[in-house]
Amino acid sequence: MSIVVVGSIGYDTVETQHGRIADALGGSASFFSVAARFFAPVSMVAVVGEDFKSDDVKFFTDRNVDIRGLVHEKGETFRWHGRYHEDMNQRDTLHLALNVFADFSPDLLPDQRRADYLFLANISPQLQSRVLSQMTNPKVVAADTMDHWINTERAALIKMLAKVDILTLNDQEAKLLAQEHNLVKAGRAILKMGPKTVLVKRGEYGVLLFSPESMFAVPAYPLEEVIDPTGAGDTFAGGFMGFIARSGKVSEPVLRKAVVYGSVMGSFVVERFSLDRLSDLSWETIDARYRAFVELTDSQHTKWNSQ
Ligand code: AMP
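Conventions we followed
- Position labels on residues start from 1 in each chain and follow its written sequence.
- Per-residue local features are limited, in this predicted model, to residues with pLDDT of at least 70; the limit for side-chain atom pairs, both in listing and counting, is 80 or more; totals at the level of whole chains, interfaces and linings are taken over all residues.
- Based on all heavy atoms of the structure, the side-chain values leave hydrogens and waters out of the count.
- Any two strands are treated as partners once DSSP identifies two or more bridges connecting them.
- By the criteria applied, helices consist of DSSP H or I runs no shorter than four residues and strands consist of E runs no shorter than two, each listed in order from the N terminus.
- Interaxial angle, 0 to 180 degrees, is taken between N-to-C directions of lines fitted to C-alpha atoms, where a helix line uses only the stretch in contact.
- Two residues qualify as a contact provided that any one of their heavy atoms is within 4.5 Å of a heavy atom in the partner residue.
- Note on definitions: salt bridges are taken to be side-chain nitrogens of Lys or Arg within 4 Å of carboxyl oxygens of Asp or Glu.
- Remark: exposure states derive from per-residue accessible area (1.4 Å probe, protein chains only) relative to the maximum for the residue type, with buried under 20%, exposed over 50%, and partly exposed in between.

(A) Region of the structure containing the sheet that holds strand β6 (residues 78–84). Ordered by their spatial adjacency, four strands build an open sheet running β3-β2-β6-β7, and the pairing between neighbours is mixed. At either margin of the open sheet sits one strand with a lone partner, and together these are β3 (19–26) and β7 (91–97). Put simply, the sheet's adjacent strands are angled 15° from each other on average, direction ignored. Here strand β2 (residues 10–16) pairs with β3 via six bridges, running antiparallel. Considered in β3, the bridge of T16 is made with G19.

(B) Structural view of the sheet that holds strand β1 (residues 3–6). Pairing within the open sheet is mixed, and its nine strands lie in the order β5-β4-β1-β8-β9-β10-β11-β12-β13. Two strands lie at the open edges of the sheet, namely β5 (66–72) and β13 (215–218), each paired on one side alone. Along the sheet, successive strands turn relative to each other by an average axial angle of 15°, direction set aside. Bridge analysis of strand β11 (residues 197–201) against strand β12 (residues 207–210) gives four bridges, and the strand direction is antiparallel. Paired with L199 across the two strands is L209, which belongs to β12. Helix α4 (residues 125–132) contacts β1, β8 (117–120) and β9 (140–144) of the sheet and is inclined by roughly 165° relative to β8.

(C) Focus on the pattern of salt bridges. Enumeration according to the criterion identifies 18 salt bridges in this entry. Between R68 and D111 there is a salt bridge whose closest N-O contact spans 2.7 Å. With a gap of 43 residues between them, R68 in strand β5 and D111 in helix α3 (residues 110–113) connect regions that are remote in the sequence. Residue classification places R68 among the partly exposed positions, given a relative accessible area of 48%. Overall, the relative accessible area of 34% leaves D111 in the partly exposed class. Among the salt bridges present, the one from D144 reaches K201, with a minimum N-O distance of 3.2 Å. Placement of D144 in strand β9 and of K201 in strand β11 is noted, with a sequence separation of 57 residues between them. Pair check on accessibility: D144 and K201 agree, each one buried. A single network of salt bridges, built from pairs that share partners, joins D23, D51, E76 and R79.

Rendered as structure tokens:
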């Protein structure tokens, strides 16, 4: 039930209404791993440069993330600098330096190839396909993508989509990929491209799940203060895939519960900068918010049923 994740690890500089943080540990694989490991063993596949701090390696090992697939290359680690608008659903990338990530072409370890669960974080569709082709017989393959790949590598992306079970992307990206203004029509159109489940992330408005048989919506957990939304999508994916791996199967009830656990994990990460909030989270705190989430969304909740 181990999950393999392939994605970025980098140092993020982030500016929001609440302040600025420079060169903080980030990247899609980081957020995903630290969230998913609450549910199931995680093995990461990523690349860092010579400047990657040993404390940051320890950050992962202290949290039982398997880092045998973390490659150290000559050169500098990936860097991203983003600034959020007052409306935190909007952000601008001020600077992006791929550095060692530019030539990343991983060779999975023999046991990683045999893993049941694979998450292809937001990397080029060609690279996603290359990784996927190394897998022996995965039970569930999920992938993330972004507007950049939809615009520049549409053909490779569509080819890759035929081979994945689950796709996660945001609402603008779903409309762009499907070339459709209506989100429901877009979700349905993407299902026809291959994935059996499409998860549309809508920031503070929550997540919409599309499958051929159904549609399921959850809100984002309402928070008084969002400090830094960076990594919310990858953290959501970590909770989502983590719960599926822990369940050991994919069914409609498992998918629905996984969406709620993903949303719970996403609601924590945005409460502080970088990976700060995830770093000292306990299972009891996750479970308490899961129960609060259920109470928030269930109009028939037993707590109020007797009144
Ligand atoms: P999210 O907020 O879920 O989109 O994830 C943000 C994380 O993705 C940050 O930690 C960045 O370091 C990382 N990131 C930003 N741009 C890219 C990119 N082009 N390729 C890979 N990772 C990226």
